[in-house]
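Coordinates in review
In case you want the letters, here they are:
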Amino acid sequence: MQSLRLATGEEALVARVLTTEGKVGFGFSFRLDGTEARHMAEWAAGVRAERPPYESQLDHAWERSWLSDEEIEWQSEPGFAKLQWLGA
């Protein structure tokens, strides 16, 4: 779990889940809710069966993708590439 300053100046939490099989999943929360971000990441990594519910907070591109069930373009936030993860 890491905090990320968005290009707009807002803050987000970004979670990363790495399974024992090596699959990676990411999740986010603009409400700064670690559980919300982790549940998203677990679902994206395939270890959570039910897709977590989400309500838009900022109308951000990540939120629009999540709510449209589209792949999230994480790199749309310049700071995302600068995040460093253990085990990466």
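Summary of the structure given here.

Rules of the game
- Residues numbered from 1 in each chain as written.
- Predicted model: local features only at pLDDT ≥ 70, side-chain atom pairs only at ≥ 80, totals over all residues.
- Heavy atoms only, no water.
- Pairing = 2+ DSSP bridges.
- Helix = DSSP H or I, 4+ residues; strand = E, 2+ residues; numbered from the N terminus.
- Axes fitted to C-alpha atoms, helices over the stretch in contact; angles between N-to-C directions.
- Contact = heavy atoms within 4.5 Å.
- Phe/Tyr/Trp six-rings, centres within 6.5 Å; stacked < 30°, edge-to-face > 60°.
- Buried < 20%, exposed > 50% of the residue type's maximum accessible area, 1.4 Å probe, protein only.
- Lys NZ or Arg CZ within 6 Å of the ring centre and 35° of its normal.

Some words on the pairing of strand β1 (residues 2-5)
Pairing of β1 with strand β2 (residues 11-18), which is carried by four bridges, proceeds in the antiparallel orientation. Within β2, the residue paired with Arg5 across the bridge is Glu11. Linking two consecutive strands that pair antiparallel, namely β1 and β2, is a turn of five residues; a positive phi of about 100° is found at Gly9 within it.

Structural notes on the sheet that holds β1
In any sheet, the strands associate via hydrogen bonds between backbone groups, in a parallel or an antiparallel arrangement. Within the open sheet, the three strands sit side by side as β1-β2-β3. Their pairing is antiparallel. Edge positions in the sheet fall to β1 and β3 (24-29), since each of these pairs with one other strand and no more. Ignoring strand direction, the axes of neighbouring strands in this sheet form an average angle of 30°. Two elements, β2 and β3, share six bridges in a ladder whose sense is antiparallel. Residue pairing in the sheet places Leu13 in a bridge with Ser29 of β3. Each of β2 and β3 is contacted by helix α1 (residues 34-45), which is oriented at about 150° to β3, the strand it contacts most.

Re the packing of aromatic side chains
The tally for this structure, following the rule as stated, stands at twelve aromatic pairs. Residues Phe28 and Trp62 carry aromatic rings whose centres are separated by 5.8 Å and whose planes lie at 50° to one another, so their mutual orientation is tilted. Within this pair, whereas Phe28 is found in strand β3, its partner Trp62 is found in helix α2 (residues 61-67), the two being separated by 34 residues in sequence. Among the residues examined, Phe28 registers a relative accessible area of 0% and is labelled buried. For the pair Trp43 and Trp66, a centre-to-centre distance of 5.4 Å together with 80° between the ring planes defines the contact as edge-to-face. Separated by 23 residues along the polypeptide, Trp43 in helix α1 and Trp66 in helix α2 bring together distant segments of the chain. An aromatic cluster is present here, built from Phe26, Phe28, Phe30, Tyr54, Trp62, Trp74, Phe80 and Trp85 joined pairwise through their rings. Across the ring face of Trp43, the terminal group of Arg51 is positioned such that the distance to the ring centre comes to 5.1 Å. One cation-aromatic arrangement involves Arg51 over Trp66; the distance from NZ or CZ to the ring centre is 3.8 Å.

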